[in-house]
Amino acid sequence: QRLALTRWREDFTCDNWGTYLYLRDVMSNQTWSNTYHPLRRPADIEEAIFSQGRAEYRRLLHDIECHTEICVSPEDDVEIRRVTLNNRGRHPRYLELTSYAEVVLAPTAADLAHRTFSNLFIATETMPQKGLVLCTRRRRSPDEAEAWYFQLLYLATGAAEASCETDRARFLGRGRTTANPAALDGVAGTPQPLS
């Protein structure tokens with residue numbers, strides 16, 4: 001049975017579904033994303049490259065060059081996103097990176113039928129020391145297949161403190177969308193760990 005891992009809809013008018021990455025400058029509280037969506041802020045330089053087996057996005061905004069490479073492993077059921085940041089400014093920058101995805105782990109038709117009901121069956125577990133969030137769909141019957149989804153943060157250099165928020169309402173906030181999530185409303189000069 002084919003399962004949707006994360007919530008996505010084909011929408012030519014808004015194009016506001018998918019997996020996103022937000023960047024926040026801790027000192028200035030400026031926020032932007034690694035691609036045009038979801039914040040829809042024009043960049044100084046912007047490029048999308050699609051080739052066989054991968055997609056690449058390059059953006060230059062606020063003196064930070066962000067290069068995102070996305071590919072699906074042919075051997076394993078895993079999508080890999082590599083994000084490379086380059087500070088083109090004259091001063092050091094302290095950035096927070098926040099990824100966002102709505103986990104579904106169900107057939108798309110079932111998710112379309114009742115999104116809120118579908119969300120009730122997703123269970124999450126965090127392992128902050130490993131930078132890992134595990135998600136699974138609670139089975140409604142013993143013969144239903146078990147499905148898992150995970151996000152893992154791996155840093156090539158240095159260490160970072162990882163935090164997560166698995167409550168959509170708490171992350172977005174009341175009456176808000178992925179274009180202005182409440183979780184990114186931080187005070188300039190202070191890190192903003194998720195709950």
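Scope of this entry: the structure provided in the associated data block. (Residues numbered from 1 in each chain as written. Predicted model: local features only at pLDDT ≥ 70, side-chain atom pairs only at ≥ 80, totals over all residues. Heavy atoms only, no water.)

## Description of the pairing of strand β11 (residues 132–137)
In terms of burial, β11 is largely enclosed, as 5 of its 6 residues are buried. As judged from the 6 bridges shared by strand β10 (residues 122–127) and β11, these two strands associate in the antiparallel manner. The residue of β11 that forms the bridge with A123 is T136. Between β10 and β11, which follow one another and run antiparallel, lie 4 residues, and G131 among them has a positive phi close to 65°. (Buried < 20%, exposed > 50% of the residue type's maximum accessible area, 1.4 Å probe, protein only. Helix = DSSP H or I, 4+ residues; strand = E, 2+ residues; numbered from the N terminus. Pairing = 2+ DSSP bridges.)

## Some thoughts on the pairing of strand β6 (residues 64–72)
Across the 9 residues of β6, 7 count as buried, placing the element largely inside the fold. Hairpin connection, strand β5 (residues 54–61) to β6: the antiparallel pair is bridged by 2 residues, and H62 has positive phi, about 55°. Pairing of β6 with strand β7 (residues 79–87) involves 9 bridges; the strand directions are antiparallel. Residue I70 lies in a different strand from β7, and its bridge partner there is R81.

## Concerning the side chain of T136
Mapped onto the fold, T136 is located in strand β11. A distance of 2.7 Å separates the side chain of T136 from the backbone oxygen of A147, its partner in a polar contact. For T136, the residues in contact, after removing those within four places along its chain, are L105, F121, I122, A123, E146, A147 and W148. (Polar contact = N/O pair within 3.5 Å; in protein donor to acceptor, adjacent residues only side chain to side chain. Contact = heavy atoms within 4.5 Å.)

## Brief notes about unusual backbone geometry
Look at the link from H37 to P38: it is a cis peptide, with omega at 10°. Examined against the element boundaries, P38 turns out to sit in the loop between β3 (31–33) and β4 (45–51). Of note in the backbone geometry, D63 takes a positive phi value of approximately 65° without being a glycine. Structurally, D63 is set in the loop between β5 and β6. One non-glycine residue, L105, lies in the positive phi region at around 50°. Position of L105 relative to the elements: it lies in strand β9 (residues 103–106). Relative accessible area serves as the criterion here: at 2%, L105 is assigned to the buried category.

## Looking at the nonpolar core
In terms of nonpolar packing, the biggest core is built from 8 residues, these being Y20, Y22, L39, Y100, F171, L172, A183 and L184. Not counting the four nearest positions on each side in its chain, L172 is found in contact with Y100, T177, T178, N180, P181 and A182. The next biggest cluster of nonpolar side chains, apart from the first, holds 7 residues, and it includes V103, I122, A147 and Y149. (Core = buried A, V, L, I, M, F, W, Y, C linked by side-chain atoms within 4.5 Å.)

This is a description of form; function is not addressed.
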